Amino acid sequence: MEQVRRSRIFRRTFLTLVVLFGVIALLTSVLSAYTLYKRLLDEFVSKGVAVSRSIATSNVELLLSRDASTIQAMIDNYLEIRGLSYVYVEDDQGEIIAHTFVPAFPEELRAGPEFRRRQVNDIEVKGLGSFIDVGTPVLAGEAGYVHVGMDRSIILGFALRAILEQQVLLLFIFVGTVIVLYALVGRLVRPINRLTVYAERLAAHDFSARPDIDASDEIGMLARTMGAMAGEISEHVSALETNVAAATAELQETLAYMRSIIWNLGDGLLVTDTTGCITHSNPALSAMYGFHDADLTGKDVDLLFLNDLGDLAHRACEEQRVLHKAEVTLSRGRVGKAVGTSIHMMDEAGGSGGRCMGAVVLVRDITAEKEVDRMKTDFISTVSHELRTPLTSVLGFAKIISKRLENVIFPALKGADGRVLKVAGQVAENMHVIVSEGRRLTELINDVLDISKMESGKVEWRMQRENLALLIEQCVASTRALFDERGLACAMDLPCRDCEVVCDRDRMVQVLVNLLSNAVKFTPAGSVTVRLTRRGGGATVCVEDTGVGMSLADQEKVFERFKQVGDTLTEKPKGTGLGLAICKHIVEAHKGRIWVESEVGRGSRFYFSLPFEGLGESPRPAPLALAPEDFSMECAPRPAREGARRERPLILVVDDDGPMRVYLSQILQDEGFDTILAKDGFQALEMADTYLPDLLTMDIMMPGMDGRTAIQKLRRNERTRHIPVMVISALNLADMGGADVSLVKPVDEDQFLDILQGLLRGERIGNGACMVLGEKGRVRGRHLLMLCPANIEYCPPDLVWERIAGGFTGVVFVPFVLSAGLDLARLANQPDVQVVILPETCEEQE
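Throughout this description, residue numbers start from 1 for each chain and increase along the sequence as written. Side-chain atom pairs in this predicted model are given and counted only at pLDDT of 80 or more, local residue features only at pLDDT of at least 70, and totals for whole chains, interfaces and linings cover all residues. To obtain the side-chain values, all non-hydrogen atoms of the structure were included, while hydrogens and water were left out.

Engineer: I keep staring at the overall build of the chain and nothing clicks. Help me out?
Structural biologist: The numbering of helices and of strands both runs from the N terminus, where a helix is a DSSP run of H or I of at least 4 residues and a strand a run of E of at least 2. Across its full length, the chain holds 25 helices and 27 strands. Residues classed as buried in the chain amount to 41% of the 846 residues present. Areas reported here follow the Shrake-Rupley algorithm with a probe of radius 1.4 Å; residue values treat only the protein chains shown as occluding. In the structure as shown, the chain presents an accessible area of about 46,000 Å², 56% of it carried by carbon and sulfur atoms. Note on exposure labels: buried denotes an accessible area under 20% of the residue type's maximum, exposed denotes more than 50%, and partly exposed covers the range between, all computed with a 1.4 Å probe on protein chains only.

Engineer: Which parts of the structure should I look at to understand the packing of aromatic side chains?
Structural biologist: Working definition: an aromatic ring pair is given by the centre-to-centre distance plus the angle between the planes. Only the six-membered ring of Trp is used, alongside the rings of Phe and Tyr, when aromatic pairs are assigned; centres must lie within 6.5 Å, and planes under 30 degrees apart are stacked while those over 60 apart are edge-to-face, with the rest tilted. Taken as a whole and assessed by the stated rule, the structure comprises eight aromatic pairs. Ring centres of Tyr88 and Phe105 lie 4.9 Å apart, and the angle between their planes is 75°; this geometry places the pair in the edge-to-face category. With a gap of 17 residues between them, Tyr88 in strand 1 (residues 84-90) and Phe105 in the loop between strand 2 (96-99) and helix 5 (113-117) connect regions that are remote in the sequence. The exposure class assigned to Tyr88 is buried, which follows from its relative accessible area of 0%. Plain terms: the ring middles of Phe101 and Phe105 are 5.4 Å apart, the flat faces sit at 85° to each other, and that makes the pair edge-to-face. With respect to burial, Phe101 and Phe105 carry one shared label: buried.

Engineer: Any chance you could explain unusual backbone geometry here in plain terms?
Structural biologist: Glycine aside, residues mostly have negative phi angles, and peptide bonds mostly take the trans form. The residue Lys591 is not glycine, and still its phi comes out positive at about 65°. Within the element layout of this structure, Lys591 appears in the loop between helix 17 (579-589) and strand 16 (593-598). On the accessibility criterion, Lys591 (63% relative accessible area) is exposed. For Leu692, which is not a glycine, the phi torsion comes out positive at approximately 45°. With respect to the secondary-structure elements, Leu692 resides in the loop between helix 19 (681-691) and strand 21 (695-698).

Engineer: What is the right way to read the environment of Leu470 from this model?
Structural biologist: With respect to the helices and strands, the residue Leu470 is situated in helix 13 (residues 468-478). Considered as a pair, Leu470 and Asp498 are 28 residues apart in the sequence and their alpha carbons are 9.2 Å apart.

Engineer: Would you mind going over the sheet that holds strand 12 (residues 489-493) with me for this structure?
Structural biologist: Strand pairing within a sheet occurs via backbone hydrogen bonds; the two strands may be parallel or antiparallel. Only strands joined by at least two bridges in the DSSP assignment are considered to pair. Strand order in this open sheet of five strands is 12-14-15-17-16, and the pairing throughout is mixed. Strands at the two margins of the open sheet, each flanked by one partner only, are strand 12 and strand 16. Within the sheet, the average angular offset between the axes of one strand and its neighbour, ignoring direction, is 15°. Pairing geometry for strand 16 and strand 17 (residues 604-611), over six bridges, is antiparallel. By the bridge assignment for strand 17, Val596 is matched with Phe606. Together, strand 14 (527-535), strand 15 (538-545) and strand 17 form the strand contacts of helix 15 (residues 505-521), whose direction differs from that of strand 17 by roughly 170°. Angles shown run from 0 to 180 degrees and are taken between the N-to-C directions of axes, each axis being a line fitted to C-alpha atoms and, for helices, limited to the stretch in contact. Residue contacts follow a heavy-atom distance rule, with two residues in contact if any of their heavy atoms lie within 4.5 Å.

Engineer: Is there a simple way to explain the state of the cysteines in this structure?
Structural biologist: Two cysteines, two sulfur atoms, one covalent bond between them: this is a disulfide. Whenever a pair of cysteine sulfur atoms sits within 2.5 Å, that pair is classed as a disulfide. Evaluated as defined, the whole model comprises one disulfide. Disulfide pairing is shown between Cys496 and Cys499; the S-S distance is 1.6 Å. Its torsion about the S-S bond being 85°, the disulfide of Cys496 and Cys499 is classed as right-handed. The same class applies to Cys496 and to Cys499, which are both buried.

Engineer: Got a minute to help me understand the sheet that holds strand 10 (residues 356-365) in this structure?
Structural biologist: Pairing in this open sheet of five strands is antiparallel, and the strands run 7-6-10-9-8 from one edge to the other. Two strands bound the open sheet, and with one partner strand each, they are strand 7 (278-281) and strand 8 (324-329). Geometrically, the sheet is characterised by an average inter-axis angle of 25° between neighbouring strands, direction not taken into account. As judged from the five bridges shared by strand 6 (residues 268-272) and strand 10, these two strands associate in the antiparallel manner. Among the inter-strand pairings, Val271 is bridged to a residue of strand 10, identified as Val360. Docked against the sheet, helix 10 (residues 309-318) engages strand 6, strand 8, strand 9 (335-344) and strand 10, running at close to 140° with respect to strand 10.

Engineer: Would you mind showing me how to read a nonpolar patch on the surface here?
Structural biologist: What goes into a patch is any residue over 30% in relative accessible area without a salt bridge, connected to like charges within 9 Å or, for nonpolar side chains (Val, Leu, Ile, Met, Phe, Trp, Tyr), within 5 Å. Put simply, a salt bridge is a Lys or Arg side-chain nitrogen that is within 4 Å of an Asp or Glu carboxyl oxygen. A grouping of Leu15, Val19, Val23 and Leu27 is seen on the molecular surface, where their side chains present a nonpolar patch of about 380 Å² in accessible area. The topology assignment puts Val19 in helix 2 (residues 8-58). A residue is classified by how much of its surface remains accessible, and Val19, at 47% relative accessible area, is partly exposed.

Engineer: Is there a simple way to explain the confidence of the model for the chain in this structure?
Structural biologist: Counting all residues, the mean pLDDT for the chain is 77, and 83% of those residues have values of 70 or more. Per-element mean pLDDT across the chain ranges from 30 in strand 18 (residues 632-633) up to 94 in strand 19 (residues 650-654). The pLDDT score gives, residue by residue, the confidence of the prediction method on a 0 to 100 scale. pLDDT under 50 marks residues 615-643. Its contacts with residues more than four places away, or in other chains, come to 74 contacts. Ignoring residues within four places in sequence, the model shows residues 840-846, a span with pLDDT below 50, making 30 contacts including any to other chains.

Engineer: Just checking my understanding: could you explain the nonpolar core for this structure?
Structural biologist: Across soluble globular proteins, you tend to see nonpolar side chains buried next to one another. We call a set of buried residues a nonpolar core when its members are Ala, Val, Leu, Ile, Met, Phe, Trp, Tyr or Cys and they connect through side-chain atoms within 4.5 Å of each other. With 45 residues, the main nonpolar core has Leu468, Leu532 and Phe608 as its most contacted residues. In terms of residue count, the dominant contributor to this core is helix 15 (nine residues). Residue contacts for Leu468: discarding those within four places in its chain leaves Cys499, Val501, Met508, Leu532, Ala539, Val541 and Leu610. Grouped together as the second largest cluster of nonpolar side chains are 26 residues, Leu62, Met74, Ile75 and Val148 included.

Engineer: Help me out: how do you make sense of helix 4 (residues 68-76) in this one?
Structural biologist: Helical geometry: 3.6 residues make up each α-helical turn, so side chains three or four residues apart lie on a common side. Regarding helix 4, the residues found buried are Ile71, Met74 and Ile75. An end-on view of helix 4 places all buried positions within 90° of arc, on one side of the element. When we speak of the arc, we mean the arc of directions from the helix axis to the C-beta atoms.

Engineer: Please explain the pairing of strand 5 (residues 144-151) as it appears in this structure.
Structural biologist: Side-chain direction in a regular strand flips from residue to residue, so the side chains alternate between the two faces of the sheet. Counted residue by residue, strand 5 has eight buried out of eight residues, so it is predominantly covered. Every second residue of strand 5 is oriented toward a common face, with Gly144, Val146, Val148 and Met150 on one face and Tyr145, His147, Gly149 and Asp151 on the other, all of them buried. Judged from the six bridges that link them, strand 1 and strand 5 form a sheet pairing that is antiparallel. The residue bridging Tyr88 from the neighbouring strand is His147, located in strand 5. For strand 4 (residues 129-138) and strand 5, the ladder comprises eight bridges, and the chain directions are antiparallel. Looking at strand 5, one finds that Asp133 is bridged to Gly149. Once strand 4 ends, the chain turns through five residues before running back antiparallel as strand 5, passing Leu139 with a positive phi of about 50°.

See below:
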């Protein structure tokens, strides 16, 4: 029973019933009292009306005679009526004839005409109490009025007594009801308390308990239902506990396995949150950075790894779902390659569309790979030298043979039979093929060297501000002949006319020309469109064609080295497969990005983007980086030569390759020079000191003493320091070690002889400004660098008069293909302007 009394349901139910009964009792008592009071009031009023009317109607003659004593005796008899307190009679003037008040008539009852006109009035008499005054006129008021007063206190006494009796009765009823309710509520609460205890045991996973309730009502049904549910829950919980135990064991095993993988991973692993705090790392990372067994968890990645991994982790969080790569510096001078990406929480659909949780970075030690790349670069440089030297001989001798065939052999065959002439024609064609394929092989070697230098980071960049729109227009104009030859239309969409970027102009021209020429190659019919747009913080160039397009698999490998679109087993390759790889290296070196979008049969769109960053700076011009067909000179003044002047100039040819020595010797002898030959630096020094030649050609890579050492020794010798030295090497040299001119194998015969004649005449460099009409990189005039290497200005033909009017003085070089559309006479008559016609232009780039 005590448990029942402590039950909240019991207390609340019992209290609710008590309050409800009290409210009902109170409302009932108030209503009863009000009803009783109204009825008693009505009864008293009706009784007063009856008494007053009785007096007024039954005693009219007496009232008219105004016999006060008789009237007084009459009204005194009415005082015996219960509830009647007073009676008085007044005449029509309001004078009191008789009354029952003792000792005197109260002044409060002396009322005016309004009081007399109302039949019933509530009055209060001081010292007497509260009354209901009922007045009745006698003969319509002509004989006066009769007033009867009913005592209101009697009504209130009756009402209070009735309410008290009712409350006593309700109290007995309430007590009985409480006893009954207590028993009923206790009976209801007891099984509920048992269900509560049973539910608490179920919540405590005690499924062996059973509800101690045996009833057929709803509570009994609820108890039986809960018991059945408890049995099912017990079975499910047992199965769930078994599954959870198995899953937990499997998860622990998996976590241990994954932890072992991460712990024994050969690559360094770094995981950070979005703020840059390290959450996971492995021993490989610590070993790479020399942290040994230090725990990196909780440390700031920026403070621990400076700008290497910190920047990569932050960029991965900021530019999400993008794979970021960087080359990082490890401890003990080693080099690593880091790859970072963002971490995302799984969304409801199972994808990685949730919020970013941080970044994961993998670091691989590529020191060995870097060493292999360096060895590969050295190997390629060495092999290129070995290839260029015999290639120079092959091309040189092929040209010499072709020239002698045309000048000596073929004229002597006039009149020979048809068979001999046919064979002679075939020989001439074969020699032309040898020269053409030699040039093609040279281009391939140049491309291999170019991409090798880019990969090894040995390319020197000449960064300056350039307007991309103007650059595109010039490149399109320079490749117009390719489009005309194939019958293709070329359109330009350049809304961003003021897009300026900091770039290497020559390299950017190489990218644009390469993309345009590739578009022409793979577009049998249709058009090519070049677009320039501004996107975000940079400019984007798109070269779109309507050609054959390419598959998704080809798109993924098109920027790899030696990869070409199409079936290389059944189709003839359309190039070396290095052009796009070189473009990729150039664009990425400018902090840009290059990509392709294509569909088979519907054309391709090649994009590359360049950032606007760096425009606020004024980049210093980089040292002149010569292309394989260029040369460079030093301009140190030379003293007069010793000895008497020779009839024929003497040239000392120094090269470790015998055929190369013979080839250069034949070229020089055909031009009227005497030659002496040396196979290494030692012979060159001895012969130069002995013969004092007028000029010396020098190879660089030679056994024993290389060319640089030999040149330095020549310059330190008083007898030989004045001899002009022309370097002819397979390498593109920025440092010639004191030589006057540097040419790259294979040399062009005309160029070689032009420069040699200039050196023998003692011509100097940079005597005036030079302006070349046309696009830089498209003009073959290779001897221009000797005449004015630091003052060359390239100008579109339509702007030449504007430059002349602006005060230009110097040499204007006009390619032969542009001379027909230019007023050469007017140009030649300009003061302080010399005009030179260039006989040939450069070939189309691949």
